[in-house]
Amino acid sequence: MLAPYAVAHSLGRRHPEPSHAYRNDFQRDRDRVIHSRAFRRLEAKTQVFTRRYSDHFRNRLTHTIEVAQISRTIAAQLGLNVDLVEALALVHDIGHPPFGHAGEKALDSAMRLHGLSFDHNLHALRIVEDFEQRYAGFRGLNLTVEVREGIIKHSRDYDAAEYPELTEYVLESRPPLEAQLIDATDEIAYTTADLDDGFEARLLTLDQIKDAVPVFARFLGDVETVYPDATKKLQFNEVLRRILDRWIGDLIGNTQAEIHRARPSITTLEDIRACPDRLVRLSSEIEKERRGTKQFLYQNLYFSPALESEKDDAERVITALFDLWMKHPEKLPTSYQEKAGAEPLARVICDYIAGMTDNFIYEQYDRNCGTS
Ligand code: MG
């Protein structure tokens, strides 16, 4: 049952295509994303931990699957279009460069020296619009306008004056709830997952988390009462699933309340678009809890000395390759050399690097700049 303000159907694709016999437009977009090369490469891109730590930590692909799973559950409860939500969740990180956040920062810094910048949402749009080549009739994946809009608008607002190339996505209006949901889910998914991987990597201890994250301490008390003999790891898991459940339950309940509060002015998708604020959000109490947890992760995990060498690698490897190709564009693959005729060389190099997996960029570094 779709809510009256959900996205009921697509307004179309850039290149019109006949409808499919048994898949709707958003199901087809989901499938096109899953079958893309950029999607497969997420498997070898760092989320937070590189392979140096363990093979069973999250990477960009498994993170993406977790976001899709949580998003589908919430979307169904809110009466949103589950197929659109799933397509948006699966595509949401497709524009991320190698080396996680550190890679994004290093690539952006390299671009700024040439008066340009790197933004993973804009890069994702270039991937699905241009770089993916699977179909004889058009470049890119020819995704629906709703999925392309969601790629741009799910996590932040872009200023129409600064991004004239994005005019078709009506930057002054809010995205549908389906797109708004992705950002909220992303935050919940990685905050809980990073606690999990950080604990598993022994970079975070139970006591350390308990002392700094009140909701964790509270649930740990409950779990120790119910399962006093369980191992620390199982107790940790039980706490984490309670936190995840609490935050997801709150996101569903609070979003319903926000929509209700905004009534009667919100009954249609157009009302959602015209609304001054995004409506998918946690209650202020839980938002505070989530922020506190995220801050704990920043202080104790993301900026911990243990992850420092990964960050140094990201900067060193990306900067060295970027500089090398700026000076010697003839060392780029032929297809990229040809692109440099139509676009600034820095943009072409950026696109090439952003598409690389962690493994591939190390190989390139070893081959071109000596051993890493
Ligand atoms: Mg993400």
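See the structure shown above.
Residues numbered from 1 in each chain as written. Predicted model: local features only at pLDDT ≥ 70, side-chain atom pairs only at ≥ 80, totals over all residues. Heavy atoms only, no water.

**Student:** In this structure, what is going on with the environment of S36? I would like to understand it.
**Tutor:** The residue S36 is located in the loop between α1 (25–34) and α2 (37–41) in this model. Residue S36 is classed as buried on the basis of its relative accessible area, which comes to 1%. Remark: the alpha-carbon pair of S36 and L332, spanning 296 residues in sequence, is separated by 23 Å. Apart from residues lying up to four places away in sequence, S36 is in contact with I94, E132, R134 and L141. From its side chain, S36 meets the backbone nitrogen of F39 in a polar contact 3.2 Å long. (Helix = DSSP H or I, 4+ residues; strand = E, 2+ residues; numbered from the N terminus. Buried < 20%, exposed > 50% of the residue type's maximum accessible area, 1.4 Å probe, protein only. Contact = heavy atoms within 4.5 Å. Polar contact = N/O pair within 3.5 Å; in protein donor to acceptor, adjacent residues only side chain to side chain.)

**Student:** Please explain the coordination of the magnesium ion as it appears in this structure.
**Tutor:** Tetrahedral coordination by four donors places them ideally at 109.5 degrees to one another around the metal; octahedral coordination by six donors ideally gives 90 or 180 degrees. At 2.2 to 2.5 Å from the magnesium ion lie its protein donor atoms, namely H63 (NE2), H92 (NE2), D93 (OD) and D186 (OD). Within one chain, the residues donating to the magnesium ion are spaced in sequence as H-x28-H-D-x92-D. Remark: D186 occurs in helix α8 (residues 177–200) and H63 occurs in helix α3 (residues 60–78); sequence separation between them is 123 residues. D186 shares its class with H63; the two are buried. (Donors = N, O, S within 2.8 Å, 3.2 Å for Na, K, Ca; no water.)

**Student:** Please explain helix α4 (residues 82–91) as it appears in this structure.
**Tutor:** Since there are 3.6 residues in each turn of an α-helix, residues three or four apart along the chain are aligned in direction. When you tally the buried positions in α4, you get 9 out of 10 residues, the bulk of the element. Listing the buried residues of α4 in full gives D83, L84, V85, E86, A87, L88, A89, L90 and V91. Elements in contact with the buried residues of α4: α1, α2, α3, α6 (120–131), α7 (145–153) and α8. Its side-chain oxygen at 3.1 Å from the backbone nitrogen of D83, N81 defines the N-terminal cap of α4.

**Student:** Quick question: what am I supposed to make of the layout of surface pockets here?
**Tutor:** Where empty space is left becomes clear once a probe the size of a water molecule has been rolled over the atoms. In this structure, the largest pocket occupies an estimated 1,100 Å³ of space. Among the elements of the structure, α3, α5 (100–112), α6, α8, α13 (284–302) and α14 (308–327) are those that each provide at least two residues to the lining of the largest pocket. Take the lining of the largest pocket: its biggest share by element is 8 residues, from α5. When grouped by side-chain class, the residues that make up the lining of the largest pocket number 13 nonpolar, 14 polar and 16 charged. Approximately 530 Å³ is the volume found for the second largest pocket. Mapped onto the lining of the second largest pocket, the elements with two or more residues apiece are α2, α6, α15 (334–339) and α16 (345–355). Here the lining of the second largest pocket is built from residues that sort into 7 nonpolar, 5 polar and 6 charged. (1 Å grid on protein atoms, 1.4 Å probe; cavity = no way out; pocket = protein on both sides within 12 Å on 5 of 7 lines; lining within 4 Å. Points joined across faces, edges and corners; volume = space filled by probe spheres on them. Nonpolar A, V, L, I, M, F, W, Y, C, P; charged D, E, K, R; others polar.)

**Student:** Explanation requested: the pattern of salt bridges in the structure shown.
**Tutor:** Charged atoms that come close allow side chains of opposite charge to pair. Under the defined criterion, the tally for this structure stands at 38 salt bridges. With a shortest N-O distance of 2.8 Å, R30 and D31 are connected by a salt bridge. For the pair R30 and D31, a shared accessibility class is recorded, and that class is buried. A salt bridge links D196 to K233; the nearest nitrogen and oxygen atoms lie 2.9 Å apart. Highlighted residues: D196 in helix α8 and K233 in helix α11 (residues 232–262), separated in sequence by 37 residues. Given a relative accessible area of 15%, D196 falls into the buried group. Ionic contacts of the salt-bridge type, sharing partners, join the residues R58, E66, D196, D197, E200 and K233 into one network. (Salt bridge = Lys/Arg side-chain N within 4 Å of Asp/Glu carboxyl O.)

**Student:** Whenever I open this one, the packing of α5 against α14 confuses me. Can you help?
**Tutor:** When two helices pack together, their arrangement is given by the angle between the helix axes and by the axis-to-axis distance. Close contact between α5 and α14 brings their axes to 9 Å; oriented N to C, the two are set at 35 degrees. For the element pair α5 and α14, the recorded crossing hand is right-handed. Each of A102, G103, A106, L107, A110 and M111 in α5 lies in contact with α14, whose residues at this interface are K311, A314, E315, I318 and F322. Tallied by class, the residues present in the contact of α5 with α14 amount to 8 nonpolar, 1 polar and 2 charged. (Axes fitted to C-alpha atoms, helices over the stretch in contact; angles between N-to-C directions. Left-handed = near helix turned anticlockwise from the far one by under 90°.)

**Student:** Can you walk me through the side chain of N81 in this structure?
**Tutor:** Tracing the sequence through the fold places N81 in the loop between α3 and α4. Exposure remark for N81: the relative accessible area of 8% places this residue in the buried category. From its side chain, N81 meets the backbone oxygen of V7 in a polar contact 2.8 Å long. Here the side chain of N81 touches L84 through a polar contact of 3.1 Å, landing on its backbone nitrogen.

**Student:** Could you clarify how one ought to interpret unusual backbone geometry in this entry?
**Tutor:** Where the residue is not glycine, phi is negative for most of them; where a peptide bond is considered, it is trans in most cases. Cis peptide bonds are those with omega within 30 degrees of zero, and the linkage from R263 to P264 qualifies with 5 degrees. Its location among the elements puts P264 in the loop between α11 and α12 (269–274). Although it is not a glycine, V170 sits at a positive phi angle of roughly 45 degrees. By the secondary structure assignment, V170 is in the loop between α7 and α8. When its relative accessible area of 39% is taken as the criterion, V170 is described as partly exposed.

**Student:** Which parts of the structure should I look at to understand the nonpolar core?
**Tutor:** Side chains of a nonpolar character, in soluble globular proteins, are inclined to be buried together. Counting residues in hydrophobic clusters, the biggest one holds 86 residues, and the most contacted among them are V147, L166 and F216. One finds F118, V317, L345 and Y365 within the second-largest nonpolar core, a separate group that totals 26 residues. (Core = buried A, V, L, I, M, F, W, Y, C linked by side-chain atoms within 4.5 Å.)

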